[in-house]
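Letter by letter, the chains look like this.
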Amino acid sequence: MADVGTHTRYAAPSRLLHWTIAILVLLTWPLGLMIDFAKKEVVLNFYLVHESIGFLVLWLMLVRVGNRLIIKPPVQDGPAIEQIAAHTVHGLLYLFLIIMPVSGFLATNAHGFPLKWFNLIQVWSPIGKSPDIAPIFSAIHFWSAWILLGLFAVHMGAVLMHHVIRKDDTLYRIL
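Small disclaimer: the values here were computed from a predicted structure and weren't measured.

Novice: I'd like a description of the pattern of salt bridges, backed by residues and values.
Specialist: Here the structure, examined in full by the defined rule, presents one salt bridge. Measuring nitrogen to oxygen at the nearest pair gives 2.3 Å for the salt bridge that ties arginine 166 to glutamate 82. Placement of arginine 166 in helix 4 (residues 134-166) and of glutamate 82 in helix 3 (residues 80-110) is noted, with a sequence separation of 84 residues between them.

Right, dumping it as structure tokens:
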């Protein structure tokens, strides 16, 4: 095994945020897809859970950005092109993990459905019902979800390359 144990791990708050957000996104994404197939009687429940988890992802991502500014990640070795690719994919993941919940929240608001977070707390609607712009936010949300899925695939491909092919400790740094 090449390079195992030679790198430091990400700080505990960074690892916790990474895995919490990953799990929430992996729950939210299929929920969003299932909304179209849910029975009419339960479709609003799917929306509520999907949007509530998405809103939580937004706030956790904002915390994660702050965390990233305060706690620097461990030094990354490897060819410059791989480092550029890794920074680009991570940056785009961060960007779309903010764009997607913001656009979803605004789309729902614009369609006339303000968020009651986990059916507990009414969230202020910044735009209110706006049928003219609702389709724009919905399209942004839809396409950002597919872009995020593509970025996730690239990210997982890189993880597998490091862990299975190179047998380095890249994966262990985030565990």
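Here the narrative resumes.
Novice: If you had to explain the side chain of histidine 18 to someone new, which residues and values would you point to?
Specialist: Looking at where histidine 18 falls in the secondary structure, it is placed in helix 1 (residues 12-34). Among residues more than four places away in sequence, those in contact with histidine 18 are Arg64, His155 and Ile174.

Novice: Outline the packing of helix 3 against helix 4, supporting the account with residue identities and numerical values.
Specialist: For the pair helix 3 and helix 4, interaxial distance at closest approach is 8 Å and the crossing angle is 150°. Our classification of the angle between helix 3 and helix 4 gives roughly antiparallel. Note on packing geometry: the crossing formed by helix 3 with helix 4 is left-handed.

Novice: Hey, could you go over the nonpolar core for me, with residue numbers and the actual values?
Specialist: Most often, soluble globular proteins have nonpolar side chains that are buried together. Within the largest apolar cluster, 19 residues are counted, with the highest numbers of intra-cluster contacts made by Ile21, Val25, Val57, Met61, Leu97 and Leu148. Secondary-structure elements contributing two or more residues to this core are helix 1, helix 2 (43-70), helix 3 and helix 4. If we ignore the near neighbours within four places in the chain, the residues touching leucine 97 are Ile21, Val25, Val57, Met61 and Leu148. Grouped together as the second largest cluster of nonpolar side chains are 10 residues, Phe55, Leu106, Leu115 and Ala134 included.

Novice: Lay out unusual backbone geometry in plain terms, naming residues and giving numbers.
Specialist: With glycine set apart, most residues show a phi of negative sign, and most peptide bonds adopt trans. Even without a glycine there, the phi angle at phenylalanine 118 is positive, about 50°. As for its position among the elements, phenylalanine 118 is in the loop between strand 1 (116-117) and strand 2 (121-122). For lysine 167, which is not a glycine, the phi torsion comes out positive at approximately 55°. Looking at where lysine 167 falls in the secondary structure, it is placed in the segment after helix 4. With a relative accessible area of 42%, lysine 167 lands in the partly exposed category.

Novice: Can you break down the environment of valine 65 residue by residue, with the values?
Specialist: Structurally, valine 65 is set in helix 2. The spatial distance from the C-alpha of valine 65 to the C-alpha of aspartate 132 is 32 Å, given a sequence separation of 67 residues.

Novice: Go over helix 1 with me, naming the residues and quoting the values.
Specialist: Its 23 residues give helix 1 an end-to-end C-alpha distance of 34 Å, which sits within 8% of 33 Å, the value for a rise of 1.5 Å per residue. Among the structural elements, helix 2, helix 3 and helix 4 are those in contact with the buried residues of helix 1.

Novice: Outline the packing of aromatic side chains, listing residues and values.
Specialist: For the structure shown, the criterion picks out six aromatic pairs. An aromatic cluster of at least three residues, connected via ring pairs, comprises Trp29, Phe142, Trp143 and Trp146.

Novice: An account of a nonpolar patch on the surface is requested, with residue identities and associated values reported.
Specialist: A grouping of Leu26, Leu33, Phe142, Trp143, Trp146, Ile147, Leu149, Phe152 and Met156 is seen on the molecular surface, where their side chains present a nonpolar patch of about 840 Å² in accessible area. Elements that contribute at least two residues to the nonpolar patch include exactly helix 1 and helix 4. Ranked by residues supplied to the nonpolar patch, first place goes to helix 4 with seven residues. Locating tryptophan 143 in the fold gives a position in helix 4.

Novice: Tell me about the environment of leucine 171, and name the residues and values.
Specialist: Position of leucine 171 relative to the elements: it lies in the segment after helix 4. Taking the relative accessible area as the measure of exposure, leucine 171 reaches 21% and is therefore partly exposed. Each C-alpha atom, one on leucine 171 and one on arginine 9, is 9.4 Å from the other, the two residues being 162 residues apart in sequence. Contacts of leucine 171, omitting those with residues within four sequence positions, involve Val159 and His163.

Cut-offs applied
Residues numbered from 1 in each chain as written. Predicted model: local features only at pLDDT ≥ 70, side-chain atom pairs only at ≥ 80, totals over all residues. Heavy atoms only, no water. Salt bridge = Lys/Arg side-chain N within 4 Å of Asp/Glu carboxyl O. Helix = DSSP H or I, 4+ residues; strand = E, 2+ residues; numbered from the N terminus. Contact = heavy atoms within 4.5 Å. Axes fitted to C-alpha atoms, helices over the stretch in contact; angles between N-to-C directions. Parallel < 35°, antiparallel > 145°, perpendicular 65-115°, else oblique. Left-handed = near helix turned anticlockwise from the far one by under 90°. Core = buried A, V, L, I, M, F, W, Y, C linked by side-chain atoms within 4.5 Å. Buried < 20%, exposed > 50% of the residue type's maximum accessible area, 1.4 Å probe, protein only. Expected span 1.5 Å × (residues − 1). Phe/Tyr/Trp six-rings, centres within 6.5 Å; stacked < 30°, edge-to-face > 60°. Patch = residues over 30% accessible without salt bridge, like charges linked within 9 Å, V, L, I, M, F, W, Y side chains within 5 Å. Areas by Shrake-Rupley, 256 points an atom, 1.4 Å probe, with all protein chains shown as cover.

In short, shape yes, function no, at least from these values alone.
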